[in-house]
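Given next are the chains, with one letter for each unit.
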Amino acid sequence: MLAFQYPYQKGRYTWHGANVRAFGGSNKGRLRRVYNWIQIWAELRRIKKSRNILGLLSFWMGECALVGGWFARRNKLKHFCWICGQDARPGNRYFKRVKPAGASLITLSDFLARSVYKNYGIMPSHVIPGGVMPELFGCTSQEKDIDVMACGSLIQLKQFNLFIETISRLRKTFPGIKAVLCGDGPEKDRLLQIIRKLDLQNNIRLTGALPHGDVLKLMQQAKVFLHTSGYEGQGMVMAEALFARARVISFVKPFDCDIENWQTACNTMEMATMAAKILADSKMIYRSVAPFLMQDTANSILALYDNEAATS
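Residues numbered from 1 in each chain as written. Predicted model: local features only at pLDDT ≥ 70, side-chain atom pairs only at ≥ 80, totals over all residues. Heavy atoms only, no water.

Colleague: Got a sec to walk through the overall build of the protein chain? Specific residues and values, please.
Modeller: The secondary structure content of the protein chain amounts to 10 helices and 13 strands. Computed over its C-alpha atoms, the radius of gyration of the protein chain comes to 21 Å, within 12% of the 20 Å expected for a compact globule of 312 residues. Based on the C-alpha atoms only, the size of the protein chain along its principal axes is roughly 65 × 40 × 40 Å. Within the protein chain, the fraction of its 312 residues that count as buried is 50%. (Helix = DSSP H or I, 4+ residues; strand = E, 2+ residues; numbered from the N terminus. Rg over C-alpha atoms; globule rule 2.2 N^0.38 Å. Buried < 20%, exposed > 50% of the residue type's maximum accessible area, 1.4 Å probe, protein only.)

Shown next as structure tokens:
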């Protein structure tokens, strides 16, 4: 694995058994990026001399797709780019630079595939969702003592002000409603102001940033998981929440097919109505749903490199 920008420190390390070379780009300016690309190209050449490269996989349609595509064409290797979210939105200059064929593009969801086609006139050939890893969850029989939960970076895109608005609506029916919002970010102070303004201090707890394992434990305690983002490639947190036995309600429907225990709402009023119906049902059975598993994701990716029809 070659990491272009993150972490900010250069070095070599092992991550879940995979060898990582971090170049520490730190999102610096153009000259630093070009310098990094030269270093990465040299590292790719070194790897090719010592290993039999099956192909390259670039995460996001960005600079890694540009360098990966160049190297793949130069060395007649298969190259795929996994489009994961924001890179499918309008204004991504790398689509023009990379000039990918649809056969080389993977998206996390049907929604993203349509976004790429709408914005760039290219229909990705492969939809491969990110899967959950069951071994990370441990015991899944924890008591459901959190009514509503949300999780993510506290940024405008995630629209957590609408999460707070939904809880405010729900409190009219459930005065003692217990809600948890996990995450940190630039919107934190504004969200706290909204909570105080609506007098929800006793109903909503902001946990700040937490280790992934702690977030999964909270998911297992939650009855309802809300996702208020107006744009989402897939939303791994939603797949994780489903596996953690929570009922999921979101504004975006990433997949054309219906997924068990996952509903979509048009606005906060509809979201609150859906959540209220779940919370009011004392006989509700909260069961684990696993629409996507990581092993299936890995197998689907590997299958692309076994397909001789794939193009770089």
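Colleague: Summarise a nonpolar patch on the surface; cite the residues concerned and give the values.
Modeller: A grouping of Met1, Tyr13 and Trp15 is seen on the molecular surface, where their side chains present a nonpolar patch of about 350 Å² in accessible area. Topologically, methionine 1 is positioned in the segment before β1 (2-3). (Patch = residues over 30% accessible without salt bridge, like charges linked within 9 Å, V, L, I, M, F, W, Y side chains within 5 Å. Areas by Shrake-Rupley, 256 points an atom, 1.4 Å probe, with all protein chains shown as cover. Salt bridge = Lys/Arg side-chain N within 4 Å of Asp/Glu carboxyl O.)

Colleague: An account of the pairing of strand β9 (residues 179-182) is needed here, citing residue identities and associated values.
Modeller: Here β9 shows no split at all, with Ala179 and Leu181 on one side and Val180 and Cys182 on the other all buried. Pairing of β9 with strand β10 (residues 204-208) involves four bridges; the strand directions are parallel. Each bridged residue has a counterpart across the sheet, and for valine 180 the counterpart in β10 is arginine 205. Handedness of the crossover joining β9 and β10 through helix α6 (residues 188-197) is recorded here as right-handed. (Pairing = 2+ DSSP bridges. Right-handed = clockwise from strand over helix to strand, strands pointing away.)

Colleague: Describe in detail the packing of aromatic side chains, supporting the description with residues and values.
Modeller: Summed over all chains, the structure comprises nine aromatic pairs. On the basis of an interplanar angle of 10 degrees and a centroid distance of 3.9 Å, the ring pair of phenylalanine 95 and tyrosine 120 is categorised as stacked. Taken as a pair, phenylalanine 95 in helix α3 (residues 94-98) and tyrosine 120 in helix α4 (residues 110-120) lie far apart in primary sequence, 25 residues in all. Aromatic pair phenylalanine 137 and phenylalanine 243: ring centres 4.7 Å apart, planes at 55 degrees, arrangement tilted. With phenylalanine 137 in the loop between β7 (126-127) and β8 (146-151) and phenylalanine 243 in helix α8 (residues 236-243), the pair connects residues that are 106 residues apart, well separated along the chain. (Phe/Tyr/Trp six-rings, centres within 6.5 Å; stacked < 30°, edge-to-face > 60°.)

Colleague: Lay out the environment of lysine 48 in plain terms, naming residues and giving numbers.
Modeller: When you line up the elements, lysine 48 lands in helix α1 (residues 30-50). Separated by 20 residues in the primary sequence, lysine 48 and glycine 68 have C-alpha atoms spaced 13 Å apart. Leaving out residues up to four positions away in the same chain, lysine 48 has contacts with Ile53, Phe71 and Asn75. (Contact = heavy atoms within 4.5 Å.)

Colleague: Go over the sheet that holds strand β6 (residues 105-107), please, and point to the residues and values.
Modeller: Pairing between the strands of a sheet is mediated by backbone hydrogen bonds and can be parallel or antiparallel. Reading across the sheet, the four strands line up as β4-β5-β6-β7 and stay open at both edges, with parallel pairing between neighbours. Strand pairing shows two members of the sheet lacking a second neighbour, β4 (55-59) and β7, which therefore form its edges. Sheet topology places β4 next to strand β5 (residues 78-83); five bridges connect them, and they run parallel. By the bridge assignment for β5, leucine 56 is matched with histidine 79.

Colleague: So what's going on with the nonpolar core? Residues and values would help.
Modeller: Residues Met61, Ile83, Phe95, Leu105, Ile106 and Val116 are the most contacted members of the largest nonpolar core, which totals 37 residues. It is helix α2 (residues 63-75) that provides the largest number of residues to this core, a total of six residues. When neighbours within four sequence positions are excluded, phenylalanine 95 is seen to be in contact with Met61, Ile83, Asp87, Pro100, Leu105, Val116, Tyr120 and Ile122. Among the nonpolar cores identified, the runner-up in size contains 30 residues, and Leu154, Ala272, Met274 and Ile278 belong to it. (Core = buried A, V, L, I, M, F, W, Y, C linked by side-chain atoms within 4.5 Å.)

Colleague: Go over the side chain of threonine 166, please, and point to the residues and values.
Modeller: Note on placement: threonine 166 falls in helix α5 (residues 160-171). Side-chain polar atoms of threonine 166 contact the backbone oxygen of leucine 162, separated by 2.8 Å. Ignoring anything within four residues of it in the chain, the contact list for threonine 166 reads Leu226, Thr268, Met271 and Ala272. (Polar contact = N/O pair within 3.5 Å; in protein donor to acceptor, adjacent residues only side chain to side chain.)

Colleague: Now, about the sheet that holds β1: what can you tell me, with residues and values included?
Modeller: Taken in spatial order, the three strands of this open sheet run β1-β3-β2, and their pairing is mixed. Unpaired on one side and paired on the other, β1 and β2 (11-15) mark the two borders of the sheet. Both β2 and strand β3 (residues 18-22) contribute to a ladder of five bridges, which runs antiparallel. If you follow threonine 14 over to β3, its bridge partner there is asparagine 19.

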